[in-house]
Amino acid sequence: MDFVQHSIAWAEGEVFEATLTAAVGVFTVATGLLFWRFGETPNAKALLIPLVLVGLLFTAAGASGVVSNKARVHAFQQAGDADPSGFVDAEQARVEGFGPLFTFTLILAPVCFAGATALFYLSESPHARATAIALVIVGLGGLVIDYFAKERADTYYAHILAEQARRAGPGG
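Notes on the structure in this doc start here. Sequence order as written defines the numbering, with residues in each chain counted from 1. It should be noted that, the model being predicted, local features are given only for residues of pLDDT at least 70 and side-chain atom pairs only at 80 or more, the latter also being counted only at that level, while totals for whole chains, interfaces and linings use all residues. The side-chain values count all of the structure's non-hydrogen atoms but skip hydrogen atoms and water molecules.

Moving on, we come to the packing of aromatic side chains. By convention, a stacked pair of Phe, Tyr or Trp rings (six-membered ring in the case of Trp) has centres within 6.5 Å and planes under 30 degrees apart, an edge-to-face pair has planes over 60 apart, and any other such pair is tilted. For the coordinates displayed, the defined rule picks out eight aromatic pairs. Taking the centre distance of 5.9 Å and the plane angle of 15 degrees together, the rings of phenylalanine 3 and tyrosine 156 count as stacked. Pair noted here: phenylalanine 3 is in helix H1 (residues 3-38) and tyrosine 156 is in helix H6 (residues 126-168), with a separation of 153 residues, a long-range link. For the pair shown, phenylalanine 3 and tyrosine 156 are each scored as buried. Only runs of H or I of at least four residues qualify as helices and only runs of E of at least two qualify as strands under DSSP, and these elements are numbered from the N terminus. Buried, partly exposed and exposed residues are distinguished by accessible area as a fraction of the type maximum, computed with a 1.4 Å probe on protein chains only: under 20%, between the cut-offs, and over 50%, respectively.

This brings us to the side chain of serine 123. Note on placement: serine 123 falls in the loop between helix H5 (100-122) and H6. Accessibility expressed as a relative area gives 17% for serine 123, which makes it buried.

Moving on, we come to H5. For H5, which comprises 23 residues, the first-to-last C-alpha distance of 33 Å matches the rise-based estimate of 33 Å (1.5 Å per residue) to within 8%. The complete set of buried residues in H5 reads Phe102, Thr105, Ala109, Cys112 and Ala116. Contacts were defined at the residue level, with two residues in contact if any of their heavy atoms lie within 4.5 Å. At its buried positions, H5 is contacted by helix H4 (84-98) and H6. Helices are assigned an expected span. That span is 1.5 Å times one less than the residue count.

The definition of a nonpolar core used throughout is a set of buried Ala, Val, Leu, Ile, Met, Phe, Trp, Tyr and Cys residues joined through side-chain atoms within 4.5 Å. Counting residues in hydrophobic clusters, the biggest one holds 15 residues, and the most contacted among them are Phe3, Trp10, Phe76, Phe87, Phe98, Tyr156 and Ile160. Of all elements in the fold, only H1, H4 and H6 reach the threshold of two or more residues within this core. Ranked by residue count, the leading element in this core is H1, at five residues.

To count toward a patch, a residue needs a relative accessible area over 30% and no salt bridge; like charges are then connected within 9 Å, while nonpolar side chains (Val, Leu, Ile, Met, Phe, Trp, Tyr) are connected within 5 Å. The Shrake-Rupley method, run with a 1.4 Å probe, gives the accessible areas here. Residue values count only the displayed protein chains as cover. A pairing counts as a salt bridge when a side-chain nitrogen of Lys or Arg comes within 4 Å of a carboxyl oxygen of Asp or Glu. A grouping of Leu140, Val144, Tyr147 and Phe148 is seen on the molecular surface, where their side chains present a nonpolar patch of about 420 Å² in accessible area. The residue valine 144 is located in helix H6 in this model.

Turning next to the pattern of salt bridges. Per the stated rule, a full pass over the model turns up seven salt bridges. A salt bridge links arginine 129 to glutamate 124; the shortest N-O distance between them is 3.6 Å. Given the relative accessible area of 23%, arginine 129 is considered partly exposed. With a relative accessible area of 66%, glutamate 124 lands in the exposed category. A salt bridge links arginine 167 to glutamate 163; the shortest N-O distance between them is 2.8 Å. Of this pair, arginine 167 and glutamate 163 both sit in helix H6, four residues apart, which is roughly one turn of that helix.

Here it is as structure tokens:
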């Protein structure tokens, strides 16, 4: 398989993941609206703002990911055709550049979970507890998204290294 095809497959995987993220965001907004409209308790009504905000965050992030990665597919094809070696080197630098972001999620998620636990433990307020639920959704969403994104990035990076080794030839 031509290296550019690996790049396109990576971007298409990102589009799929971003589409799911946006869909979860829309579902979360709808859930908040339904709790607000049909919920009869203060706890149900309090979910409106936290769920809508988290849903809008996921929807915006997902939509942005769809747009940027669809554009990237065309750019990959052009860059790979124009300068195959330079494209591989540029992709290596790009992948190495966003790798540390996965560590950020591994720190952010437990902070969200700890904050949620503290809010539930320290407050009886429906708004504080609704915020705690939103924090859990953000932390879990980040872990799920990065779980698959990191796997895809690691696979893509292995293809980058293999392509560089192939181009270097048997003598290095």
